Amino acid sequence: MSSILKINNINKIFINNNGSDKAVLQNVNFEVEENEFIVVFGPGQCGKTTLLNIIAGLEKQSSGQVFIKDKLVEKAGPDRAVVFQNIQLFPWLTALKNVEYSMKIRGFSKEEYHSEAMKYLELVGLKGFENSYPIKLSGGMKQRVGIARAYCTKPDVMLMDEPFGALDAQTRYLMQDEVLRICNTEKRTIVFITNNIEEALYLADRIVVMSDCPSTVKEVVKIDLTHPRDRTDSEFLRLRKEISAMVNRKR
Amino acid sequence: MKNRLSDNKYKMIAFINIVVVITVWYLLSEVFQVFRNGMLPGPNVILETFISKLNSKSPDGNTLLVHIVSSLTVVITGYIIGVVIGLPTGIFMAWYRPIDYLVRPVFDFLRCIPGLAWIPVITVWLGIDLKAKAAIIFVNVFVGTVVNVYSGIKQTDQVKIWVAQIFGASHFEILKRVALPSALPYIFTGLKVSLGMAWLGIIAAELLAAQSGLGYMIQVARNFGRADLVIVGMLTIGLIGAFLTYLLEKVEHIFVKGRN
Ligand SMILES: Nc1ncnc2c1ncn2[C@@H]1O[C@H](COP(=O)(O)OP(=O)(O)OP(=O)(O)O)[C@@H](O)[C@H]1O
Ligand SMILES: [Mg+2]
């Protein structure tokens, strides 16, 4: 296996409003294999979004490099599609147009992007809602549109920033199953961010455990449980306890 | 269903409101006669004056319709030119930094001059014909349009811009497909505010210098002590303003989709 994404010694220091430095990421290193489902798990406000934005090329690291397929990442591009923390659909476009948008801008022909968008809306289970505006969609449905929009560009890596953080528990479980189903239908490499250990264990091939601020990789844990996973299984619970203990804040 | 009901309720309340206002007005003016004779004509008198002014040219030399057309021509000419020039100015200032740096200092200074303060200098330059009056409207509308478009575009959500960047959109494409649509509600608010400014400008301009128009009609009526005709003029301006705003809102509904 070859690694498709390399995070090499990333540091990020923000300058606060009062001029003082704030180190958010410190020597972050890990690699992602092709078609792997990686979950980055860390406490709130530890710099997960910052890390994801750096991988996406939307924010500049203070030092270190990101390589995608051995190419240095310098700016944002469709090979690293992002599903953002608060979705960010365009409210003035219908679900279908939101998905089409990502292909339209890349110069696909109209027939092409239309049929692709329809296909991916169906894949995420939104057939029949093509012409709804985001304001009429529930939180879970909006996330599905966001996933379809990122998925249809066939990115090398899908970056997902706590996509289900704002959903109620029931919908969250449902969407976790959905994301696994979608990933099995069409294999993709995924970097999925969460601060929910149960979610991490349910989805991940490997979990990158981050420490509190300034954040660094505490450990990378391989999860060998078979799918579908049982959240009450004894091994599941043991891992849950073990990983939770790693990030327990000493304050 | 529930929305329709409350919509109807709102219409009911609005209707009752109008009836109450007109009744109180009638009682004050006609029944109790709180003002000296003729200074506050009742609603019935106003209606009579309105109808007779449709045919009568006294005291200002034109019928009501001629005044309306005269004012409306000026307002619409100045408004359209102001919007057509103001929109791109605001858009490009907000989106392209060099243009912003180049134009903003001048603009920020000019906007501190109240629109009405331009009237004397414009009448000196251009006289008092359509051209001059349209220029006065233009100044009022242009400034308001630029300010609103500018701040609307500046408020574009950074993450929405990122979404477009990820998919490889160019700076111009992001303007066209992200910044502009997300600024559209602000733009329409600006257009509506500017419409108010346009009417403000025309009335002021016609009070100072004109031979026709609703502002001119009001001015002459005032000199003749015709309170009834002054009020007819005011109500006409209000009704036309409300109608134009209504038209703009219809256009807004066509263009602004998927938002509350
Ligand atoms: N542009 C910025 N300037 C200064 N500080 C910033 C900036 N962006 C983020 N931060 C700070 O960096 C820290 C990490 O932020 P980040 O959003 O990456 O964390 P997170 O782990 O994604 O948080 P959450 O769990 O809330 O999503 C926070 O303390 C935040 O205040
Ligand atoms: Mg975050």
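Preceding this paragraph is the structure being described.
First, a word on what this report is: a plain description of the structure on this page.

Criteria and thresholds
- Residues numbered from 1 in each chain as written.
- Chains lettered and ligands numbered in written order.
- Predicted model: local features only at pLDDT ≥ 70, side-chain atom pairs only at ≥ 80, totals over all residues.
- Heavy atoms only, no water.
- Helix = DSSP H or I, 4+ residues; strand = E, 2+ residues; numbered from the N terminus.
- Buried < 20%, exposed > 50% of the residue type's maximum accessible area, 1.4 Å probe, protein only.
- Contact = heavy atoms within 4.5 Å.
- Areas by Shrake-Rupley, 256 points an atom, 1.4 Å probe, with all protein chains shown as cover.
- Lys, Arg positive; Asp, Glu negative; His and termini not counted.
- Charge placed at Lys NZ, Arg CZ, Asp CG, Glu CD.
- Salt bridge = Lys/Arg side-chain N within 4 Å of Asp/Glu carboxyl O.
- Buried area = accessible area lost by both parts, 1.4 Å probe.
- Polar contact = N/O pair within 3.5 Å; in protein donor to acceptor, adjacent residues only side chain to side chain.
- Nonpolar A, V, L, I, M, F, W, Y, C, P; charged D, E, K, R; others polar.
- Donors = N, O, S within 2.8 Å, 3.2 Å for Na, K, Ca; no water.
- Core = buried A, V, L, I, M, F, W, Y, C linked by side-chain atoms within 4.5 Å.
- Pairing = 2+ DSSP bridges.
- Axes fitted to C-alpha atoms, helices over the stretch in contact; angles between N-to-C directions.

Side note on the overall build of chain B
Check the secondary structure of chain B and you find 10 helices and 0 strands. The order of α-helices and β-strands along chain B, N terminus first, is α-α-α-α-α-α-α-α-α-α. Across its three principal axes, chain B shows a C-alpha extent of roughly 70 × 60 × 30 Å. Within the span of chain B, comprising 260 residues, buried residues form 42% of the whole. A separation of at least 24 residues holds for 70% of the contacts in chain B among residues at least 6 apart in sequence. As presented, chain B carries roughly 14,600 Å² of accessible surface, and 69% of it is formed by carbon and sulfur atoms. Placing the 22 positive and 13 negative side-chain charges of chain B at their respective mean positions leaves the two points 6 Å apart.

Considerations on the pattern of salt bridges
What the rule picks out here adds up to 23 salt bridges over all chains. With a shortest N-O distance of 2.3 Å, E186 of chain A and R188 of chain A are connected by a salt bridge. Of the two residues, E186 of chain A and R188 of chain A, neither departs from the other in class, the shared state being buried. By sharing partners, the salt bridges in this structure join D100, R104, D108, R111 and K154 of chain B into a single network.

Regarding the interface of chain B and chain A
Each partner contributes residues to the interface: chain B has 20 residues there, and chain A has 24 residues. For the pair chain B and chain A, the summed buried area comes to about 2,000 Å², and 73% of that belongs to carbon and sulfur atoms. In terms of surface lost to chain A, no three residues of chain B exceed W162, I166 and F167 of chain B, which account for 37% of the buried area on that side. Where chain B packs against chain A, one counts 0 salt bridges. At the surface where chain B touches chain A, the tally comes to 2 residue pairs in polar contact (both at pLDDT 80 or more). For the side of chain B that touches chain A, the secondary structure elements donating two or more residues are helix 7 (158-166) and helix 8 (171-208) of chain B. It is helix 7 of chain B that contributes the most residues to the side of chain B that touches chain A, 7 residues altogether. Residue classes in the side of chain B that touches chain A are distributed as 9 nonpolar, 5 polar and 6 charged.

Describing the coordination of the magnesium ion (ligand 2)
Residue and element names in this part refer to chain A. Donor atoms from the polypeptide that coordinate the magnesium ion (ligand 2) comprise T49 (OG1) and Q85 (OE1), at 1.8 to 2.5 Å from the metal. Taken together, the positions of T49 in helix 1 (residues 48-56) and Q85 in the loop between strand 6 (80-83) and helix 2 (95-104) put the pair 36 residues apart, joining distant regions of the chain. Under the relative-accessibility criterion, T49 is labelled partly exposed at 28%.

Points about the nonpolar core
Judged by nonpolar contacts, the single largest core of 89 residues is most densely connected at L5 and F30 of chain A. If you tally residues by element for this core, the top one is helix 8 of chain B, at 13 residues. When neighbours within four sequence positions are excluded, F30 of chain A is seen to be in contact with L5, K6, I7, I38, V40, L51, V208 and V217 of chain A. If you look at the next biggest cluster of nonpolar residues, it comprises 53 residues, including F37, F164, I207 and I243 of chain A.

A short note on the sheet that holds strand 9 (residues 206-210) of chain A
Residues and elements named next belong to chain A. Judged by pairing direction, the sheet is mixed, and its 6 strands sit side by side in the order 6-7-8-3-9-10 without closing on themselves. In this open sheet, the two edge strands, each paired with only one partner strand, are strand 6 and strand 10 (217-222). Ignoring strand direction, the axes of neighbouring strands in this sheet form an average angle of 20°. In this structure, strand 3 (residues 37-41) lies alongside strand 8 (residues 189-194), joined through 5 bridges in parallel fashion. The partner of I38 across the bridge, within strand 8, is V191.

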